[in-house]
Structures are given as structure tokens and as C-alpha cells.
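Topology and contacts: notes
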Amino acid sequence: LHNEHLMADSKLDICSVVEGETSMEAGKKHFPQAFWTTFSGGLQNIDKVEDWGVLNAFKTIILWADNDKGGKEYFLKLAQQLNDVLDSEVKIVVLPRSLPPKWDLADKVDDDRVDIYSLFHNALPIDEYVSFNNLQRDINNNRYVFVKSSDDGYHDRLTKEIVREKVLNNLYFY
């Protein structure tokens, strides 16, 4: 991770992880109250980070992906993994659909009407982020509770809805 050697001594409570160095520099400019980092060599090297545990130096980790399917999927999986192994609260920035493809924090310009401050401060805790990408994780975290009296449905603790088994099978089908 970029600037990993500075993390342990940081006095900041928040660390934000982005996809590249230009986004990291933009993050430092717009949010000096947070420590900013990225991984070397782009998204394809995210799996080469050996020790995500250094992020435990911070109370909150905010992941901010670029506006593309690959980045969002990788960061969602990373957020779930970090949430499972770190003591820190892990959050993810939810980007509006109106952003152009590939948009990232470095693309922010003063008159573009993108409220990056709201996006940052309203990052969603990963435990509240509704996704259907990791059934085993959802089972381990007791996301679904079988409810016999509801025609054998499952209560989804995130969406607060009853879901039928057939629907669950379709949600997690790849």
C-alpha cells in the first residue's frame, strides 16, 4: 500500500483507499482530514497487497472505487474481506449512476455538480450495503433467518424483507 510506512504513526482516524495515485492525490487535496492510500500498479494488483492489517491503525476505512463495474466489484469484495478481518469500521462510497463511466475522484472539477463531500461523509458501512455476491459470507453473518410461519421464507436482515428460497437461489446465481 502506498505510504504504508506512515500509517502506524498517523494521528488521523480515517483512511481512504482508492484505485490509483491520481485519485489518491485528489483525495488528499479535498479531504486532508483522512489518510489516503492506494495499491501499486492498478486494480489488477489489488490481490498482491500482502498485509491489509496495517489499516487497523485507523478507526474507519473508506473505500472509493472508480465508476466502472470492475472497480466496484473488486472494492465491494475487498470491503467485505476487510470487514471480516479488521477491527476498523469499513465503509464504501456509493457513486451516483449519473457519473460518466470510469469517473474517479481525480476527475472532480469545481463546476461539475458532483458533491464529493456528501459522497465521502455518507459512505455506507459495508454491513448495511445490500449485495448478493457472496452467499457463504452472508450465511456466516446470519444475514438470513428462516421463518416457518411465512410460508417457509427467509427474513433478510439487510433489506428487512421476507425472501423465498427460489428467489434467493436466483439472487446468488452467477
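Scroll up a little and you will see the structure.
What this report covers is the structure whose coordinates are included nearby. All figures in this text were calculated on a predicted structure; none of them were measured in a lab.

Observations regarding the overall build of the protein chain
Counting its secondary structure elements, the protein chain contains six helices and eight strands. Moving toward the C terminus, one meets the helices and strands of the protein chain in the order α-β-α-β-β-α-β-α-β-α-β-β-β-α. Seen along its three principal axes, the alpha-carbon backbone of the protein chain occupies a region of about 55 × 35 × 25 Å. Within the span of the protein chain, comprising 174 residues, buried residues form 44% of the whole. In the protein chain, 64% of the contacts between residues at least 6 apart in sequence involve partners at least 24 apart. Computed over 20 positive and 29 negative side-chain charges, the separation of the two mean positions in the protein chain equals 5 Å.

As for the sheet that holds strand β7 (residues 153-156)
Across the sheet, three strands lie side by side as β6-β7-β8; this open sheet has antiparallel pairing. Only two strands of the sheet have a single partner each, and these edge strands are β6 (144-147) and β8 (161-163). Between one strand and the next, the sheet's axes are offset by a mean angle of 35 degrees, whatever the strand orientation. By the bridge criterion, four bridges tie β6 to β7 in an arrangement that is antiparallel. From the neighbouring strand, Val147 faces β7, where its bridge partner is Gly153.

Thoughts on the sheet that holds strand β1 (residues 14-18)
As summarised here, the arrangement of the five strands in space is β2-β1-β3-β4-β5, forming an open sheet in which the pairing is mixed. Whereas interior strands pair on both sides, the edge strands pair on one side only; in this sheet they are β2 (34-37) and β5 (124-125). Each of β1 and β2 touches helix α2 (residues 21-30); the most contacted strand, β2, lies at about 170 degrees to it. Lying over the sheet, helix α3 (residues 69-85) contacts β1, β3 (60-64) and β4 (89-92), oriented at roughly 170 degrees with respect to β4.

Digging into unusual backbone geometry
Even without a glycine there, the phi angle at Asn3 is positive, about 60 degrees. Structurally, Asn3 is set in the segment before α1 (4-7). For Lys102, which is not glycine, the phi dihedral falls at a positive 70 degrees. Structurally, Lys102 is set in the loop between β4 and α4 (116-121).

Description of the packing of aromatic side chains
Summed over all chains, the structure comprises eight aromatic pairs. A centroid spacing of 5.1 Å and a plane angle of 55 degrees characterise the contact between Phe31 and Tyr117, whose relative ring orientation is tilted. Placement of Phe31 in the loop between α2 and β2 and of Tyr117 in helix α4 is noted, with a sequence separation of 86 residues between them. With 4.2 Å between their ring centres and 25 degrees between their planes, Phe31 and Phe120 make a pair best called stacked.

Thoughts on α3
With 17 residues, α3 extends 25 Å from end C-alpha to end C-alpha; this agrees with the ideal 24 Å at 1.5 Å per step. By the burial criterion, the buried members of α3 are Gly71, Phe75, Leu76, Leu78, Ala79, Gln80, Leu82 and Asn83. Buried residues belonging to α3 abut β1, β3, β4 and α5 (135-140).

Comments concerning the nonpolar core
Phe39, Trp52, Leu55, Ile61, Leu63, Phe75 and Leu82 are the most contacted members of the largest nonpolar core, which totals 25 residues. Among the secondary structure elements, those contributing two or more residues to this core are β1, β3, α3 and β4. Looking at this core, the element that brings in the most residues is α3, giving five residues. Ignoring any residue separated from it by four or fewer positions in sequence, one finds Ile61 in contact with Cys15, Val17, Leu55, Leu86, Ser88, Glu89, Val90 and Lys91.

Quick notes on the rules
Residues numbered from 1 in each chain as written. Predicted model: local features only at pLDDT ≥ 70, side-chain atom pairs only at ≥ 80, totals over all residues. Heavy atoms only, no water. Helix = DSSP H or I, 4+ residues; strand = E, 2+ residues; numbered from the N terminus. Buried < 20%, exposed > 50% of the residue type's maximum accessible area, 1.4 Å probe, protein only. Contact = heavy atoms within 4.5 Å. Lys, Arg positive; Asp, Glu negative; His and termini not counted. Charge placed at Lys NZ, Arg CZ, Asp CG, Glu CD. Pairing = 2+ DSSP bridges. Axes fitted to C-alpha atoms, helices over the stretch in contact; angles between N-to-C directions. Phe/Tyr/Trp six-rings, centres within 6.5 Å; stacked < 30°, edge-to-face > 60°. Expected span 1.5 Å × (residues − 1). Core = buried A, V, L, I, M, F, W, Y, C linked by side-chain atoms within 4.5 Å.

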